[in-house]
Amino acid sequence: MHSLPFSICARALLLLAVWLGTALRSDAKFEWSPVPAADLAATSSASAPGADMEILSAHSRMDTDNSRTFVENRIRAKIYTRKGAERISLLSFESEKRLKIWGIMARVVKPDGSSVELTKGDFHDSITLKTGGIEFRRTSFAFPNVQPGDVLEYRWNEDLWDGYGYYIHYCQAEDVPTREFTFEVLGSMRDFTVAWFNCDADPQASKGHKVVLRNLPPFIREPLMPTDTEFRGWIMVQFTSNYMRYFSNADAWDRIGEYLGEQFRLSVKPNRTVLAKAAELTRDGKTDDEKLTSLYHFAQTGIANLDSDEDPSLAEAKKKRENSANDGFQSPAKTLSRKHGNSGDINRLFASLARAVGFDVRLALSADRTRVLRINVPHGWYLTDRESVAVKVGKVWRFYTPGEYLIPAGILGPKDEGAAAFVCDEKKSWFDHMQTATPAETQVKRTGRFTLDAEGTLDGDVTVQSTGHQAIQIRENWWDTSADDATNLVREQLLQRLPTAEVTKLWLEALRDPSRPFTLHYHVHVPGYAEAIGSRLSLPLNFFESNAPAMFNGDLRRYPVFFDFAKEDHDDIDIQLPEDFVLDGATAPAPVAASVIHANYQVEYLQKHHRLVYQRDYVLGDGGAIDFSKESYPALRKLFDRIHRSDSHQLVLKPETGKAVASVMPAATSAQ
């Protein structure tokens, strides 16, 4: 794939954090341009009345210096209110460490024209996370003594990686209006075109290499919304070539499919060694799924992944692969023999093994669904930065990515699940959609065994077992987490709901084994968990949902609702009640049922043992429905408000003076 111009980098988008502070080359003397007197004197925004702050001008220029391409960025912002000053006085951003950011330059200009420039010591870098061999860097800095009326300026350059098929830059700032935004390409190592989306360019000022946008409203983010590129203003530079420019959009897709389809077919043809290994691995498989799972598991765990495995013994192998003279290609037979390869090698080995036992296989191209939803658009091949293996199972094509070391057999990761895919075939390629996981394939089983004392203190042991997408998310975030760091993370999460919680005896299971459920164990002590009301105690039934916020708060919705994945939650809680306390008029939480979302509850009082047994079963995404239009938001919010009320259900305990309640509690009436 690397021989064609549409090969795309796997670069994560830099969001508004980049707008609000990054870095600049400081190897040459730079002179700030003067701020116009009218901007210094302004006390409110003419283009966005009532704004706390405004970006007066944003200018980004792509250029080439020697053998590299980089983007120079300049931001000038005006502060109008105290709220605006507080918001921007301290800035930070995160980016992958390997994305080179040059230097630092920033200053504050007062209304009288005087200025204070930040020095090198005002900028602070730290490594915030290291996962899968990729480090993330946080850069933070503070503007000194920011007041309403001040103008803030900051500048930075960023290098683009080699092999870019496109570059995305957001022109619409988050929560902040922009008076004028300019993007232009001064130079590039390759031919290019510039396109803009979700915004209108000034037709007089914009040319083929330059885009000028004026009076951009702020981008208001909502929880659980689709990727920003669907609704936020953005600029894309598409790098082209002489080869691609002569084809229409349909012809280009056809040529891509023909070329890569044949290349892939030839590259995954199994030899005798692969045929023998495939037969060995599938010897006990009775169904297609069993056979493919066995092949997938071997490719993922039996072959060291050079892109993610940090074992020092693989250093020499990584160096040889990086310096390979054959465009990074390694045959499946070599991958099998060497027992190591990069993600692409592992995908091809899986495809070759599957082909060896009779499956039809193809290469599939797609875009990272967390960034781009549609590729079947003009020049959409530039967006295809993902590769997977399409396998025909019965009459259906399914997609596999064993080269993704955290993705277990049977599902796809968040970048691929449900994405539009282009399946490459040398005769006739086609567009398809990658499968989505069922709720049962992502389960969270939460177990709590607690004792409650007469003061309302809860004490006990917790086990949380996660599979599917939930486990993938945890592993991505916790891959290199120490026991101390894990304890702090769990404690911080609990303190948001239960401020008095104390976590001890924490340990993890299967953090680095995607084939097994990820399991978290800890002991928790929560003074005041049950609230004292006179002589009574008000007891939240579900420890895992106690004091959790409602899913949705606003009355209005701008964008569709996108849940990350379908899932099931199963809560099993046992609470030993304090002696001499009984239940006072108890009921069970009301069940909630809809076509694609369910929540059922069971509560039982074991009078003989003086214990409460609580179970909750919650399902989101039955039938694959995890995306909802903004028009359905009122009904969706009402549904989740009902679930939240049932999740927050409490029982009252009173000192024992009479007969206890029945052992099985009646359900509360469901509010419609």
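The sections below set out a description of the structure shown in this document. Every value quoted in this text rests on a predicted model; they were computed, and no experiment measured them.

So, how was this worked out
Residues numbered from 1 in each chain as written. Predicted model: local features only at pLDDT ≥ 70, side-chain atom pairs only at ≥ 80, totals over all residues. Heavy atoms only, no water. Pairing = 2+ DSSP bridges. Helix = DSSP H or I, 4+ residues; strand = E, 2+ residues; numbered from the N terminus. Contact = heavy atoms within 4.5 Å. Axes fitted to C-alpha atoms, helices over the stretch in contact; angles between N-to-C directions. Salt bridge = Lys/Arg side-chain N within 4 Å of Asp/Glu carboxyl O. Buried < 20%, exposed > 50% of the residue type's maximum accessible area, 1.4 Å probe, protein only. Core = buried A, V, L, I, M, F, W, Y, C linked by side-chain atoms within 4.5 Å. Phe/Tyr/Trp six-rings, centres within 6.5 Å; stacked < 30°, edge-to-face > 60°. Expected span 1.5 Å × (residues − 1).

The next point concerns the sheet that holds strand β31 (residues 597–606). The 8 strands are arranged β23-β24-β22-β21-β28-β32-β31-β30 in an open sheet whose pairing can be described as mixed. Here the strands that pair on one side only, and so sit at the sheet edges, are β23 (502–509) and β30 (592–593). For strand β21 (residues 443–452) and strand β28 (residues 567–576), the ladder comprises 9 bridges, and the chain directions are parallel. Across the sheet, the residue bridging to Thr 447 is Asp 572, located in β28. Sitting on the sheet, helix α11 (residues 468–478) touches β21, β22 (458–466), β23, β24 (518–526) and β28, and the angle it makes with β24 is about 80 degrees. Taken strand by strand, helix α13 (residues 633–647) contacts β30, β31 and β32 (611–620), and its axis lies near 15 degrees from that of β31.

Here the focus is the sheet that holds strand β25 (residues 531–533). Spatially, β25-β26-β34-β29 is the arrangement adopted by the 4 strands of the open sheet, whose pairing is antiparallel. Since the sheet does not close on itself, it has two edges, and those belong to β25 and β29 (581–583), each with one partner. Across the sheet, the mean angle from the axis of one strand to that of its neighbour is 35 degrees, orientation sign disregarded. As defined by bridge partners, β29 adjoins strand β34 (residues 650–655) across 3 bridges and the pair is classed as antiparallel. Residue pairing across strands places Phe 581 opposite Pro 655, the latter belonging to β34.

Before going further, it helps to spend a moment on the pattern of salt bridges. As enumerated under the stated definition, the model contains 35 salt bridges in all. Across the salt bridge formed by Glu 222 and Arg 558, the nearest N and O atoms sit 3.8 Å from each other. Here Glu 222, found in the loop between β12 (210–216) and β13 (234–240), pairs with Arg 558, found in the loop between β26 (536–540) and β27 (561–562); they are 336 residues apart in sequence, far enough to count as distant. A relative accessible area of 9% places Glu 222 in the buried class. A relative accessible area of 46% places Arg 558 in the partly exposed class. A salt bridge links Asp 368 to Arg 371; the nearest nitrogen and oxygen atoms lie 3.8 Å apart. For the pair Asp 368 and Arg 371, a shared accessibility class is recorded, and that class is buried. Connected through shared salt-bridge partners, Arg 446, Glu 545, Lys 567, Asp 569, Asp 571, Arg 616 and Asp 647 make up one network.

Quick look at unusual backbone geometry now. Residues other than glycine predominantly adopt negative phi, and peptide bonds predominantly adopt the trans conformation. Despite not being glycine, Asn 198 has its phi angle at roughly 60 degrees, a positive value. Its identity as a non-glycine residue notwithstanding, His 610 has a phi of 60 degrees, on the positive side. With respect to the helices, strands and loops of the structure, His 610 is situated in the loop between β31 and β32. A relative accessible area of 17% places His 610 in the buried class.

If you look at the biggest cluster of nonpolar residues, it comprises 60 residues, and the most contacted ones within it are Tyr 522, Phe 543, Ile 597 and Leu 612. Counting 48 residues, the second-largest nonpolar core is a separate cluster that includes Tyr 170, Leu 336, Ala 351 and Ile 472.

Attention now goes to the packing of aromatic side chains. Applying the stated criterion across every chain yields a total of 24 aromatic pairs. With a centroid separation of 5.9 Å and 90 degrees between ring planes, the pair formed by Trp 253 and Trp 381 is classed as edge-to-face. Here Trp 381 lies in the loop between β16 (361–366) and β17 (386–393) and Trp 253 lies in helix α5 (residues 249–267), a separation of 128 residues in the sequence. Across the pair, exposure class does not vary: Trp 253 and Trp 381 are buried alike. Judged by centre distance (5.4 Å) and plane angle (35 degrees), the rings of Trp 381 and Tyr 382 are tilted. Both residues of the pair, Trp 381 and Tyr 382, belong to the buried class.

In this model, α13 (15 residues) spans 20 Å end to end at C-alpha, consistent with the 21 Å of a helix rising 1.5 Å per residue. Of the positions making up α13, those classed as buried are Tyr 633, Leu 636, Leu 639, Phe 640, Arg 642, Ile 643, Ser 646 and Asp 647. On the buried face of α13, the contacting elements are β27, β30, β31, β32 and β33 (627–628).

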